[in-house]
Amino acid sequence: MTYVIGIAGGTASGKTTFTKTLEAALEGYALKVIHMDSYFKPREERPYSKAPITGKMYVDDNHPLTMDLPKLAGELRDWKASGEFDVMIVEGLLTLWEETIESQLDLRLFVDCRDDERTVRRIKRHMNWGQSFDEITSVYLDLVRYRHDEYVAPSKWKADFFLNGSNPSELALESIKALVDKKLKK
């Protein structure tokens, strides 16, 4: 049996950080971690979207069509069927939104924190990648926050558990590990 955990949440909510923490806690299991960001289509194949207020056009990296989600769903199904892994973790913005992925999950987690905290984290992260403050805030205010409201936020109601991305809980981590141990009878 392969136990599949999905971790979703808004941009810079703490998904990747929690995934790394969970990965460490599940040491000893044959584990496969899948980052949805690895499925971005080449830049020239990503959709452009017009910002609702400014009308400016952006490559829309927060839209479902920007990633090859059918490929991810197929590979997830194949890895799950192979029996090669005890636990698989799928992490990304749209993990709970995309039905062909969400339906394959045994446990659905949503990492959340306040919008202002996520925004500041995103600014810091993208500035470390070499983007300017104006570039980051323009795309966030013009497009990212709308995509969050459209795709990410509604998917949280599919989650089995909400996790605090501002102040990660050791109890939550221990509870999730205990659940995995119980399901896999370890």
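Before any of the text, the structure's been laid out above.
Everything quoted here is computed from the prediction, not taken from an experiment. (Residues numbered from 1 in each chain as written. Predicted model: local features only at pLDDT ≥ 70, side-chain atom pairs only at ≥ 80, totals over all residues. Heavy atoms only, no water.)

Details of the packing of helix H1 (residues 15–25) against helix H6 (residues 170–183)
Next up, step 1: As a packed pair, H1 and H6 sit with axes 10 Å apart at the nearest point and diverge in direction by 50°. Here H6 runs oblique to H1, going by the angle between their axes. In this structure, H1 crosses over H6, and the sense of that crossing is right-handed. When H1 is examined against H6, the residues Phe-18, Thr-21, Leu-22 and Ala-25 are found in contact with a partner set consisting of Leu-173, Ile-176 and Lys-177. (Axes fitted to C-alpha atoms, helices over the stretch in contact; angles between N-to-C directions. Helix = DSSP H or I, 4+ residues; strand = E, 2+ residues; numbered from the N terminus. Parallel < 35°, antiparallel > 145°, perpendicular 65-115°, else oblique. Left-handed = near helix turned anticlockwise from the far one by under 90°. Contact = heavy atoms within 4.5 Å.)

As for the pattern of salt bridges
If the charged atoms of two oppositely charged side chains come close together, the side chains can form a pair.
Next up, step 1: Applying the stated criterion across every chain, the model contains nine salt bridges.
Next up, step 2: The partner of Arg-108 in a salt bridge is Asp-160, and the shortest N-O contact between them spans 3.9 Å. Within this pair, whereas Arg-108 is found in strand S6 (residues 107–112), its partner Asp-160 is found in the loop between helix H5 (133–155) and strand S7 (161–164), the two being separated by 52 residues in sequence.
Next up, step 3: Owing to a relative accessible area of 14%, Arg-108 belongs among the buried residues under this scheme.
Next up, step 4: For Asp-160, a relative accessible area of 41% gives the class partly exposed.
Next up, step 5: Across the salt bridge formed by Arg-121 and Glu-117, the nearest N and O atoms sit 2.7 Å from each other. (Salt bridge = Lys/Arg side-chain N within 4 Å of Asp/Glu carboxyl O. Buried < 20%, exposed > 50% of the residue type's maximum accessible area, 1.4 Å probe, protein only.)

What about the packing of aromatic side chains?
Next up, step 1: Applying the stated criterion across every chain yields a total of three aromatic pairs.
Next up, step 2: On the numbers, 6.2 Å between centres and 65° between planes, the contact of Phe-110 with Phe-162 is edge-to-face. Within this pair, whereas Phe-110 is found in strand S6, its partner Phe-162 is found in strand S7, the two being separated by 52 residues in sequence.
Next up, step 3: Phe-162 gets classed as partly exposed once you look at its relative accessible area, which sits at 44%.
Next up, step 4: When the ring centre of Trp-79 is taken as reference, the NZ or CZ atom of Lys-32 above it lies at 4.3 Å. (Phe/Tyr/Trp six-rings, centres within 6.5 Å; stacked < 30°, edge-to-face > 60°. Lys NZ or Arg CZ within 6 Å of the ring centre and 35° of its normal.)

Structural notes on the nonpolar core
Next up, step 1: Core analysis: the biggest nonpolar cluster contains 22 residues, and Leu-72, Val-90, Leu-94 and Ile-101 have the highest contact counts within it.
Next up, step 2: Breaking this core down by element, the ones donating at least two residues are strand S1 (3–9), helix H2 (69–82), strand S5 (87–91) and H5.
Next up, step 3: Examining the composition of this core, we find that four residues originate from one element, H2, more than from any other.
Next up, step 4: Ignoring any residue separated from it by four or fewer positions in sequence, one finds Leu-72 in contact with Ile-34, Met-36, Tyr-39, Val-90 and Ile-101. (Core = buried A, V, L, I, M, F, W, Y, C linked by side-chain atoms within 4.5 Å.)

Quick notes on the pairing of S5
Next up, step 1: Among the five residues that make up S5, five are buried, leaving the element largely enclosed by the rest of the structure.
Next up, step 2: The alternating pattern of S5 places Val-87, Ile-89 and Glu-91 and Met-88 and Val-90 on opposite faces, both of which are buried.
Next up, step 3: Bridge count between S1 and S5: five bridges; the pairing is parallel. The partner of Ile-5 across the bridge, within S5, is Ile-89. (Pairing = 2+ DSSP bridges.)

Details of the layout of surface pockets
Next up, step 1: Empty space within the largest pocket amounts to approximately 800 Å³.
Next up, step 2: In this structure, the largest pocket is lined by 32 residues; those nearest its centre are Asp-61, Arg-122, Arg-125, His-126 and Trp-129.
Next up, step 3: When residues of the lining of the largest pocket are traced back to their parent elements, those giving at least two are H1, strand S4 (57–59), helix H4 (115–128) and H5.
Next up, step 4: For the lining of the largest pocket, the element with the most residues is H5, which contributes five residues.
Next up, step 5: Tallied by class, residues from the lining of the largest pocket come to eleven nonpolar, ten polar and eleven charged. (1 Å grid on protein atoms, 1.4 Å probe; cavity = no way out; pocket = protein on both sides within 12 Å on 5 of 7 lines; lining within 4 Å. Points joined across faces, edges and corners; volume = space filled by probe spheres on them. Nonpolar A, V, L, I, M, F, W, Y, C, P; charged D, E, K, R; others polar.)

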